[in-house]
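# Descriptive analysis of the structure
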Amino acid sequence: MFLGVVSGAGAGVLKSTNDGLTWELLGNSVFEGANIGSIAVHPTQKKILYVSVWSGGPGGGVYQSTDSGLNWTNLTPFHSGAASDVIIARYNPDVLYAGLVSTDGQATNGVYRSGDGGQNWRGVGLESGFFLGGAVRLESGSSPGRVYVSLFGFGTRQGSNDPVFGIYRYRTHNDGKRWHQLGATPGSFENRSWHVVLAVDPKDDDHIIANDEYALFESTDAGRHWTAAETMGDDYANATFDAENHLVVTADRSVYRRTKKSKKWSVQVGDLAVTLSYDLALDPNNPEVLYGVAQDHPSAMKLDTFNPWQYMPAGGETGKVLVDPTNSKRLYISSPQNTERFVQRSSDGGKHWKTILTITAFGDDDYGLAYATQKSFVMDITGFPRSMGTTRGVFHSVNNGGEWKTFGAGLPNIIVTDLKMLQAKHVLAAATFGRGAWEILIGPSTISGNVFEDRDGDGVQDASDSGIEGVTVFLDANGNDKLDRFEFRTTTGGHGHYLFDEVPPSIYAVRQVVPYGYVQTTKNPRSLTVGGSQVQGRDFGNQAVETRGPRARFVHPTELHWLPGRQPGQPIGAQAEFSSLARSGKKRKATQSSGRKARRPKR
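Computed from a predicted structure; not experimentally measured.

### Let's talk about the overall build of the protein
If you tally the helices and strands in the protein, you get 4 helices and 46 strands. Taking as baseline every contact in the protein between residues at least 6 positions apart, the subset at least 24 positions apart corresponds to 45%. Looking at the protein as shown, the accessible area adds up to about 30300 Å², and 50% of this sits on carbon and sulfur atoms.

### Some remarks on a positive patch on the surface
A contiguous patch of positive charge, built from Lys 203, Lys 260, Lys 261 and Lys 263, is present on the exposed surface. Mapped onto the secondary structure, Lys 261 falls in the loop between β22 (255-258) and β23 (265-267).

### Notes on the confidence of the model for the protein
Averaged over the protein, the pLDDT score is 81; the fraction of residues at 70 or greater is 79%. In this model, residues 378-385 is a region of pLDDT below 50 whose contacts with residues beyond four sequence positions or in other chains number 9 contacts.

### Describing the sheet that holds strand β42 (residues 506-512)
Strand order in the open sheet formed by 4 strands is β40-β39-β42-β44, and the pairing between neighbours is antiparallel. Each having just a single partner strand, β40 (489-491) and β44 (528-530) make up the two edges of the open sheet. This sheet shows a mean twist of 35° between the axes of neighbouring strands, independent of strand direction. One ladder, built from 4 bridges, connects strand β39 (residues 472-476) with β42; its direction is antiparallel. Bridged to Leu 475 within β42 is Val 510.

### Here we look at the pattern of salt bridges
Side chains that differ in charge, positive against negative, can pair when their charged atoms come close. Under the criterion given, the structure shown has 13 salt bridges. Arg 146 is the salt-bridge partner of Asp 206, the closest N and O atoms lying 3.2 Å from each other. Here the residue Asp 206 occupies a position in the loop between β16 (198-200) and β17 (208-212), and Arg 146 occupies one in the loop between β12 (132-140) and β13 (147-156), the gap between them amounting to 60 residues. Residue classification places Asp 206 among the partly exposed positions, given a relative accessible area of 29%.

### Re the sheet that holds strand β30 (residues 343-346)
Here 4 strands make up an open sheet; going across it, the order is β28-β29-β30-β31 and the pairing antiparallel. If you trace the sheet from one side to the other, it starts and ends with β28 (320-323) and β31 (354-357), each paired once. Ignoring which end each strand starts from, the neighbouring axes of this sheet average 25° apart. The sheet contact formed by β28 and strand β29 (residues 331-334) spans 4 bridges and is antiparallel. Within β29, the residue paired with Lys 320 across the bridge is Ser 334.

### Section: the environment of Phe 241
Tracing the chain through its elements places Phe 241 in strand β20 (residues 236-241). The exposure class assigned to Phe 241 is buried, which follows from its relative accessible area of 10%. In this view, Phe 241 contacts Ala 199, Val 200, Asp 201, Pro 202, His 207, Ile 209, His 246 and Leu 247; residues no more than four positions away in its chain are not counted.

### Quick look at the packing of aromatic side chains
Under the criterion given, the structure shown has 5 aromatic pairs. Between Phe 31 and Trp 72 the ring centres are 5.2 Å apart and the planes differ by 70°, which places this aromatic pair in the edge-to-face class. Taken together, the positions of Phe 31 in helix α1 (residues 28-31) and Trp 72 in the loop between β6 (61-65) and β7 (73-74) put the pair 41 residues apart, joining distant regions of the chain. Given the relative accessible area of 0%, Phe 31 is considered buried. Ring geometry for Phe 152 and Phe 189: centres 6.1 Å apart, planes at 10°, overall stacked. Residue Phe 152 is located in strand β13, and its partner Phe 189 is located in the loop between β15 (180-181) and β16; the two are separated by 37 residues in the primary sequence. In this structure Phe 189 comes out as partly exposed when scored by relative accessible area, which is 33%.

### Quick word on the environment of Gly 61
One can find Gly 61 in strand β6. Distance in space between the C-alpha atoms of Gly 61 and Ile 36 is 9.6 Å, their sequence separation being 25 residues. Setting aside residues up to four positions removed in sequence, Gly 61 forms contacts with Val 51, Ser 52, Val 53, Asn 74, Thr 76, Gly 81, Ala 82 and Ala 83.

### Side note on the nonpolar core
Among soluble globular proteins, nonpolar side chains are generally buried collectively. Core analysis: the largest hydrophobic core is formed by 23 residues, its most contacted members being Tyr 97, Val 111 and Val 149. A total of 4 residues in this core trace back to one element, the largest contributor, which is β13. In terms of nonpolar packing, the next biggest core, distinct from the first, is built from 18 residues, Ile 447, Val 451, Val 471 and Val 473 among them.

### Things to note about the side chain of Arg 113
Structurally, the position occupied by Arg 113 is in strand β10 (residues 110-114). In terms of polar contacts, Arg 113 uses its side chain to reach the side chain of Asp 175, at 3.4 Å. In contact with Arg 113, other than residues within four places in its own chain, are Val 95, Leu 96, Tyr 97, Asn 120, Trp 121, Arg 122, Val 124 and Asp 175.

### Remarks on the pairing of strand β24 (residues 277-283)
Extensive coverage of β24 is indicated by the burial of 7 of its 7 residues. One ladder, built from 6 bridges, connects β24 with strand β25 (residues 286-294); its direction is antiparallel. Paired with Leu 282 across the two strands is Leu 290, which belongs to β25. Here β24 folds back onto β25, and the loop between the two strands holds 2 residues.

### Focus on the pairing of strand β18 (residues 215-219)
For a regular strand, the rule is simple: side chains alternate between the two faces of the sheet. Counting buried positions along β18 gives 5 out of 5 residues, so the element sits mostly inside the fold. Neither face of β18 is open: one carries Ala 215, Phe 217 and Ser 219, the other Leu 216 and Glu 218, and all of them are buried. Relative to β18, β17 runs antiparallel, the two sharing 5 bridges. In the sheet register, Ala 210 faces β18, and the bridge partner there is Phe 217. What sits between β17 and β18 in their antiparallel hairpin is a turn of 2 residues, with Tyr 214 showing a positive phi close to 55°. Here 2 bridges tie β18 to strand β19 (residues 227-228), and the two strands are oriented antiparallel to one another.

Conventions and cut-offs
- Residues numbered from 1 in each chain as written.
- Predicted model: local features only at pLDDT ≥ 70, side-chain atom pairs only at ≥ 80, totals over all residues.
- Heavy atoms only, no water.
- Helix = DSSP H or I, 4+ residues; strand = E, 2+ residues; numbered from the N terminus.
- Contact = heavy atoms within 4.5 Å.
- Areas by Shrake-Rupley, 256 points an atom, 1.4 Å probe, with all protein chains shown as cover.
- Patch = residues over 30% accessible without salt bridge, like charges linked within 9 Å, V, L, I, M, F, W, Y side chains within 5 Å.
- Salt bridge = Lys/Arg side-chain N within 4 Å of Asp/Glu carboxyl O.
- Lys, Arg positive; Asp, Glu negative; His and termini not counted.
- Charge placed at Lys NZ, Arg CZ, Asp CG, Glu CD.
- pLDDT = per-residue confidence, 0-100.
- Pairing = 2+ DSSP bridges.
- Axes fitted to C-alpha atoms, helices over the stretch in contact; angles between N-to-C directions.
- Buried < 20%, exposed > 50% of the residue type's maximum accessible area, 1.4 Å probe, protein only.
- Phe/Tyr/Trp six-rings, centres within 6.5 Å; stacked < 30°, edge-to-face > 60°.
- Core = buried A, V, L, I, M, F, W, Y, C linked by side-chain atoms within 4.5 Å.
- Polar contact = N/O pair within 3.5 Å; in protein donor to acceptor, adjacent residues only side chain to side chain.

So this is what it looks like as structure tokens:
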């Protein structure tokens, strides 16, 4: 069984019981919108789970489930801030450690220990004053009482006015009764609380992994001395040791594995979609070619049928690529973080680039503005969009925005950062926040059928049943059985035939506006999902009102004004008109004989 967590839209615990082929989302009703920091699973009682929550959803804290993730309880209600980490001690599954932080200097900030599965907690003596808005990362050794902690924060130490800003690491051999500070790592200071890495070798308590900015370090003497552990320079988020004691590291760009003996690193992402894509560009003349910009990647990338994603000598981790629709080799790229090469052009498909625009630097917040402005770069606007990306996936409208529905199957419940449509090739591509790039075919459909005069009312078009010309047929996109302003419509031709071509993919109910003087004899067709489909035989039979029953007769439009309670011009279906008219016959005669002067319609 595999378990993981997802934050933000669709937050909760992910569970797989088939080696990751499919996943089930648990606890979303509790954690929707939450920023989840970590998950811990009891080693023998698999139904017992713990997660730490930074913020959002039900609020920060340590939460426990005793029924495999269906229901959850907050174990740290005494703390109103965040919980950045929770672990189960390797040496005793009843022992938990948690890191609690806040943005308002709460007295409850600090490292806490529970010896009864989270029911009761106590502080373990580490100073808490400088955890203000920071983070705590924890890991235990295998020996009883051995625990390591990395503290990231800013503020002042307890009992002192000296400012503190940085990462401080400690170890204890006796369950927190006494702590020893570790030596400092030699890299540049990591100033982001969500990028604090700590791992302990389960077979060697003195072998630990930690990080500085874009660098990993390891110690084999319990943190007294450190050496560089890698040269990839990625933005690291977590580290652990697998069952074979190889080091595995997750980062913004990929998942890495270092073998125990050779110390060689390899990329282990496989087909796991982890890239945070910002923008996609499609070649209008070749759907097999894509361009993209993604977080922490040093330049823009290109993908085609014969080559995997490859870096181009232009762009950065922000910006946007445009492809000239008249010449696939002519590309443009914006680089908001590089104002000296703000816009560049390539005439050979991305091999060589020429700067065509430089700008003055944004100012003090170049980095943030680069992200905010990276999509403000377009070549042309060709029409009203029918799809949009949201924090809940892709939504689709087939009536110019009158109604929106979730579009397509298989896309993760994730933020969509960019959408591109290659209309000539019927391809829609989506860039996602942390789950890579996705494509779906959006081929148009045709829907056709006949509207006929069903003389005998049996719902079947016989040889003697002719088509009815000029009948309105529409695609009901919102399921209200009414023709709304923005819904697709057409009219039948001389033989009663109708055709919708270039129908966008969606779910529709085909309906007719029953012609005056008729009632529909066929059942309404069921709703259908179309996407590159050719749907035929959506037929409608109609029987003239005057042929139904011995009392039936033709109803003139002006005669409808005689119906009890009816206002002039009030719309009503033909079948209902006839029924109401037949039922009201006696009442009309009584009204006329009462002395009122009634005006008869002219024939």
